[in-house]
Amino acid sequence: MTLRQISVFIENKPGTMVKITEALGNVGIDIRAASLADTQDFGILRLIVDDADKAKKALTEIGCVTSVNDVIAAEVSDEPGAMTALLNQTASTGLNIEYMYAFISPKTHKVYIVLRIKDVEKAVKVLSEAGIALADESDIK
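None of the values given here were measured: they were computed from a predicted structure.

**Observations regarding the environment of Arg-116**
- On the secondary structure map, Arg-116 appears in strand S6 (residues 111–117).
- If sequence neighbours within four positions are ignored, Arg-116 has contacts with Asn-69, Asp-70, Val-71, Asn-96, Ile-97, Glu-98 and Tyr-99.
- In this structure the side chain of Arg-116 is engaged in a polar contact, spanning 3.2 Å, whose partner is the backbone oxygen of Asp-70.

Laid out in structure tokens, this is it:
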């Protein structure tokens with residue numbers, strides 16, 4: 001019950017994102033979620049896509065430094081307080097969230113919070129046992 005996230009180390013300058021999205025579009029990759037964290041000179045672009053292997057290959061071919069990590073996408077309802085319930089569950093069980101961002105599944109139209117947690121296996125177990133639905137690759141295809 002994890003998703004594969006691509007992280008791309010990018011230079012913070014005009015046109016960099018165009019180069020990346022163009023390369024992905026040229027090979028038919030659909031971006032489902034994106035998060036960009038930057039500094040003055042560089043940034044990390046995190047992507048959930050419909051085919052992580054194909055995307056990594058396309059980005060590597062244009063000279064991007066990439067890595068693929070497992071992340072959790074926890075389903076939350078689209079209402080006030082829903083994210084707090086999820087965060088209470090992670091905090092009360094000692095799971096530390098390194099970063100997070102959100103997306104809506106085009107297939108299910110459900111809201112998911114992407115969580116990067118160091119101990120992915122424990123997080124999947126804890127959240128599943130708490131009745132929190134987790135997305136898998138079929139939810140984003």
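Once you've had a look at it, read on.
**Here's the deal with helix H3 (residues 82–92)**
- Those residues of H3 that sit buried are Ala-82, Leu-86 and Thr-90. Buried residues in H3, looked at end-on, bunch into an arc of 70 degrees, giving them a common side. Residues Ala-91 and Ser-92 are exposed on H3 and point more than 90 degrees away from its buried face.
- Turning to H3, the residues buried within the fold contact strand S4 (65–76), strand S5 (97–104), S6 and helix H4 (120–129).
- Just downstream of H3 lies Gly-94, where phi reads positive at about 80 degrees.

**Here's the deal with H4**
- Those residues of H4 not exposed but buried are Val-120, Ala-123, Val-124, Val-126 and Leu-127.
- Note on H4: the residue one or two positions beyond its end, Gly-131, has a positive phi of about 80 degrees.

What counts as what
- Counting of residues starts from 1 at the beginning of each chain's written sequence and follows it residue by residue.
- Given that the model is predicted, a residue must reach a pLDDT of at least 70 before its local features are reported, and side-chain atom pairs must reach 80 or more before they are shown or counted; all residues, however, enter totals for whole chains, interfaces and linings.
- Side-chain numbers come from the whole structure's heavy atoms, not from hydrogens or water.
- Each helix is a run of DSSP H or I of at least 4 residues and each strand a run of E of at least 2, with the numbering of both proceeding from the N terminus.
- Here, two residues are considered to be in contact whenever any of their heavy atoms come within 4.5 Å of each other.
- Nitrogen and oxygen atoms within 3.5 Å of one another constitute a polar contact, given that in protein one can donate a hydrogen and the other can accept it, and given that sequence-neighbouring residues count only through two side-chain atoms.
- Relative accessibility decides the category of a residue: with a 1.4 Å probe and only protein chains considered, values under 20% of the type maximum give buried, values over 50% give exposed, and everything between is partly exposed.
- Within this analysis, the arc is defined by the directions that extend from the helix axis to the C-beta atoms.

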